[in-house]
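Chains, contacts and geometry: an overview
Each chain is listed here by its residues.
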Amino acid sequence: MRLMKYSLFFIFIIFKVNAALAQSGGACTTLGQKPSTAFPVCGIDTFLQTTVPYCVNKALPTPGCAGQTYFDSNPYYYRFTCYSGGSLEFLITPDNQQEDYDWQIFDITGKNPDDIFTDATCFLVANWAGTYGNTGTSVTALNSIECGSDPFQIPAVPTFSKSPILIEGHTYLLMISHYSQTPNGYKLSFGGGTASITDPITPQLNNASTSCDGSQITVKLSKKMKCSTLAANGSDFSIMGSLVNVVAAAGIGCSNGFDMDSVVLNLSSPLAPGNYSLVVKNGGDDNTLLDNCNQPIPVGNAIPFIVFGRQPTPFDSIVPVSCAPKVLQLSFRKNINCNSISPDGSDFQVTGPYPVTVTSASGSCTNGVSSSIFINLTAPVVHDGTYTITLVTGNDGNTIIDECGEPTPAGATINFAVKDTVSSAITYHLNEGCRYDTIQYFNPLANGKTQWNWLFDNITPRDLQNPTIIYSTFGDKTAQLIVSNGFCSDTSNIKIYLNHDSLRAAFTGPTVYCPNDIAFFRDTSIGTILAWNWEFGNGFTSTLQNPLPQYYPGADRDRLFPVRLIVVSDKFCTDTALKYIKVVNNCYIAVPSAFTPNKDGRNDYLYPLNAYKATNLMFKVYNKYGQQLFATSDWTRKWDGTIGGVDQPTGVYVWFLQYTDGNTGQPVFQKGTTVLIR
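An account of the accompanying structure is given in this report. Because the structure is a prediction, the values reported are computed rather than measured.

Thresholds applied
Residues numbered from 1 in each chain as written. Predicted model: local features only at pLDDT ≥ 70, side-chain atom pairs only at ≥ 80, totals over all residues. Heavy atoms only, no water. Helix = DSSP H or I, 4+ residues; strand = E, 2+ residues; numbered from the N terminus. Rg over C-alpha atoms; globule rule 2.2 N^0.38 Å. Contact = heavy atoms within 4.5 Å. Areas by Shrake-Rupley, 256 points an atom, 1.4 Å probe, with all protein chains shown as cover. Lys, Arg positive; Asp, Glu negative; His and termini not counted. Charge placed at Lys NZ, Arg CZ, Asp CG, Glu CD. Core = buried A, V, L, I, M, F, W, Y, C linked by side-chain atoms within 4.5 Å. Buried < 20%, exposed > 50% of the residue type's maximum accessible area, 1.4 Å probe, protein only. Pairing = 2+ DSSP bridges. Axes fitted to C-alpha atoms, helices over the stretch in contact; angles between N-to-C directions. 1 Å grid on protein atoms, 1.4 Å probe; cavity = no way out; pocket = protein on both sides within 12 Å on 5 of 7 lines; lining within 4 Å. Points joined across faces, edges and corners; volume = space filled by probe spheres on them. Nonpolar A, V, L, I, M, F, W, Y, C, P; charged D, E, K, R; others polar. Patch = residues over 30% accessible without salt bridge, like charges linked within 9 Å, V, L, I, M, F, W, Y side chains within 5 Å. Salt bridge = Lys/Arg side-chain N within 4 Å of Asp/Glu carboxyl O. Phe/Tyr/Trp six-rings, centres within 6.5 Å; stacked < 30°, edge-to-face > 60°. Lys NZ or Arg CZ within 6 Å of the ring centre and 35° of its normal.

1. Some remarks on the overall build of the protein
If you tally the helices and strands in the protein, you get one helix and 50 strands. Relative to a compact globule of 678 residues, whose C-alpha radius of gyration would be 26 Å, the protein shows 46 Å and is clearly more extended. Over its C-alpha atoms, taken along the principal directions, the protein stretches across nearly 135 × 80 × 45 Å. A separation of at least 24 residues holds for 65% of the contacts in the protein among residues at least 6 apart in sequence. For the protein, the accessible surface area stands at approximately 32,900 Å², while carbon and sulfur atoms represent 53% of it. Seen as two clouds, the 41 positive and the 51 negative side-chain charges of the protein have centres 14 Å apart.

Structure, rendered in structure tokens:
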């Protein structure tokens, strides 16, 4: 049932909701109509609900439908488990196609089924559309949630929602709500998706135990089985090795649910002490017990059991202890009366190579009995050795007493062994380098350690006690260590920041040197620098950060001089920057009065000579008709006497040159003529 399902028909809906509440007669009581009594379902079955009783539980959180409230109106709930992850597809087919069915799926893994009414995180997918007819999930649907709508809306809101992705091992609830307020039913079927909700494991008997007088057998099953498949006369079972017969059977939990995992068998007479086997057979209903996927317990499946008779329950079993146990768990063949366990733990004494003090004891009690006793200690047992638990008469005046009233004699003992705890504490030594950093990691050999499992930066494993890692990159580095002595383990994590020596040599200076110039060089290196070593290629050196101006000798031809800067960091790392300065013999800008583009390698091009210091340069060439033949802003780009690959004729050509003088900063404009000679 919902409030404000159809926003366009608000008054109509309020009337409809109130009528539904009146019809429902209150909360749901029929099995399957509450989350806690949901039908267990399987992917291979089709489920028929021939009638739907009127009732309502509570409002359901529905994320994605703000401002609208939905109730589970006349619901049925279905519980299933995912055995193989993937998409889930199902189909709800109403008996009357002119009726409105809604639904919502919840993930209740690890939660109480009734949490769906308060915990919005249980929500998975839903469809509350007011559209009539078939509904369900489909891989072709667009949305995971369809909210309440006007049933006459055009186009109609889709009744199919996007198939949810189920997770293997998770438990789910499907709620189907009948909004139309009639008793008409529907058909529910699964299929088409990639998920599997069919339990593949064959069921079997798990264990069996008898009552104190041997007149009843309690059977534990390996999984939930359908209550409806248990023959009430007990004919599904027989006892091998005895003339005693099973005369009645009842499933535990069947009075308020659909399935069971335990069965109580009543016998024709008490069994005498001894060894027996309980065997499964086809009962008077022509089947053995069936699980929720209709898989039977195989005929002939048997479980041995012992009838101990009225004798003390042995004090002989302890659940294997783990590292540093603070709680010891004892297990017993027969249940122990919880009221015979002294709460202060005085029924038990623990002795060993180091003192151990018991503070309390308790059972995991159901109906006043428990098959386990938990002994709580003041502190964990952390030292290597064998320890002994001794049963004594407690402060309540007795030892422990089993469900048959038989006390276990004082003085009985159980031994358990522990090993020392281990430490995974990490120490390290960092050796910083210029290009690589090296870290030596350490963990001491102590307390019987036999395993070291390192993981560096989540990708590099090592199984050495003290590994060495060389790092070629810098920044945060992580190390995880898990150590073990075969009994105890410990894990540590550390983060180390490697500071990159970001040393880089760099400097500024002229690339071209004209006669009588002064060359200035300035350091632009980065890093924590302790020393600078300059070599200028002219025979001079300097150790200043910013050296004195340099001079270069003139020459009859252009020459390259190497300029080198070597810097030294505080880690005594070095880096080098090398540049070349071009020393030219002439920086006077001029345009030749003639050129001969005959490709003989001499005077083949027209361009402004020696324009090393010119900026904002533009050079253009025109023929006698005023046609522009060549233009460039790069003085090293030269005119070869052609246009479009066609040689131009011998004659006079006009040129224009403009630039900014690099020394004075003044603009210069020149024009002239040159003769092309072929």
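2. Here we look at the nonpolar core
Residues Ile 217 and Leu 278 are the most contacted members of the largest nonpolar core, which totals 26 residues. In contact with Ile 217, other than residues within four places in its own chain, are Ala 208, Ser 209, Thr 210, Ile 239, Val 263, Val 264, Leu 265, Leu 267, Leu 271, Leu 278 and Phe 305.

3. Considerations on the sheet that holds strand β11 (residues 135-138)
Strand order in the open sheet formed by five strands is β3-β16-β8-β11-β13, with mixed pairing between adjacent strands. Both edges of this open sheet fall to β3 (46-51) and β13 (160-162), since each of them pairs with a single strand only. Between one strand axis and the next, the sheet turns by 20° as a mean value, whatever way the strands run. Bridge count for strand β8 (residues 90-94) against β11 is two bridges, and the pairing is antiparallel. Residue pairing in the sheet places Leu 91 in a bridge with Gly 136 of β11.

4. A few points about the environment of Gly 554
With respect to the helices and strands, Gly 554 occurs in the loop between β41 (541-542) and β42 (559-569). When the C-alpha positions of Gly 554 and Gly 626 are compared, they lie 41 Å apart, and in sequence the two are 72 residues distant.

5. Some thoughts on the layout of surface pockets
If you roll a probe as big as a water molecule over the atoms, it shows you where there is empty space left. Empty space within the largest pocket amounts to approximately 940 Å³. In this structure, the largest pocket is lined by 30 residues; those nearest its centre are Ser 209, Thr 218, Asn 335, Val 369 and Glu 403. For the lining of the largest pocket, the secondary structure elements donating two or more residues are β17 (205-210), β18 (216-226), β21 (259-267), β23 (302-307), β24 (327-337) and β27 (369-377). When its volume is computed, the second largest pocket comes out at roughly 510 Å³. In terms of lining, the second largest pocket is formed by 28 residues, of which the most central are Pro 40, Arg 79, Lys 224, Asp 259 and Asn 292. Mapped by element, the contributors of at least two residues to the lining of the second largest pocket are β6 (76-81), β18 and β21. Split by residue class, the lining of the second largest pocket holds 12 nonpolar, nine polar and seven charged.

6. Some remarks on the sheet that holds strand β34 (residues 468-471)
The strands making up a sheet associate through hydrogen bonds between their backbones, and the pairing can be parallel or antiparallel. Sheet architecture is open: three strands sit in the order β30-β31-β34, paired in antiparallel fashion. Edge strands, defined here as strands with exactly one partner in the open sheet, are β30 (427-431) and β34. Geometrically, the sheet is characterised by an average inter-axis angle of 20° between neighbouring strands, direction not taken into account. The sheet contact formed by β30 and strand β31 (residues 437-442) spans five bridges and is antiparallel. Each bridged residue has a counterpart across the sheet, and for Asn 431 the counterpart in β31 is Thr 438.

7. Considerations on a nonpolar patch on the surface
The grouping of Ile 518, Phe 520 and Tyr 551 at the surface amounts to a nonpolar patch, some 320 Å² of accessible area in total. Relative to the helices and strands, Tyr 551 resides in the loop between β41 and β42. On the basis of relative accessibility, which here comes to 51%, the residue Tyr 551 falls in the exposed class.

8. A word on the side chain of Glu 99
Along the chain, Glu 99 falls in the loop between β8 and β9 (101-107). Residue contacts for Glu 99: discarding those within four places in its chain leaves Pro 94, Tyr 132, Gly 133, His 178, Ser 180, Thr 182 and Asn 184.

9. A word on the packing of aromatic side chains
Counting across every chain of the model gives 31 aromatic pairs. When the centroid spacing of 5.7 Å and the interplanar angle of 20° are considered together, the rings of Tyr 387 and Phe 416 count as stacked. In this pair, Tyr 387 is assigned in strand β28 (residues 385-391) and Phe 416 in strand β29 (residues 413-418), connecting sequence segments 29 residues apart. Residue Tyr 387 shares its accessibility class with Phe 416, and that shared class is buried. Aromatic rings pair up to connect Phe 39, Phe 47, Tyr 76, Tyr 78, Phe 80, Phe 90, Trp 103, Tyr 172, Phe 190 and Phe 258 into one cluster. The cationic tip of Lys 579 hangs over the ring face of Phe 507; the distance from NZ or CZ to the ring centre is 4.9 Å. The lysine or arginine in question, Lys 638, covers the ring of Tyr 607, its NZ or CZ lying 4.5 Å from the ring centre.

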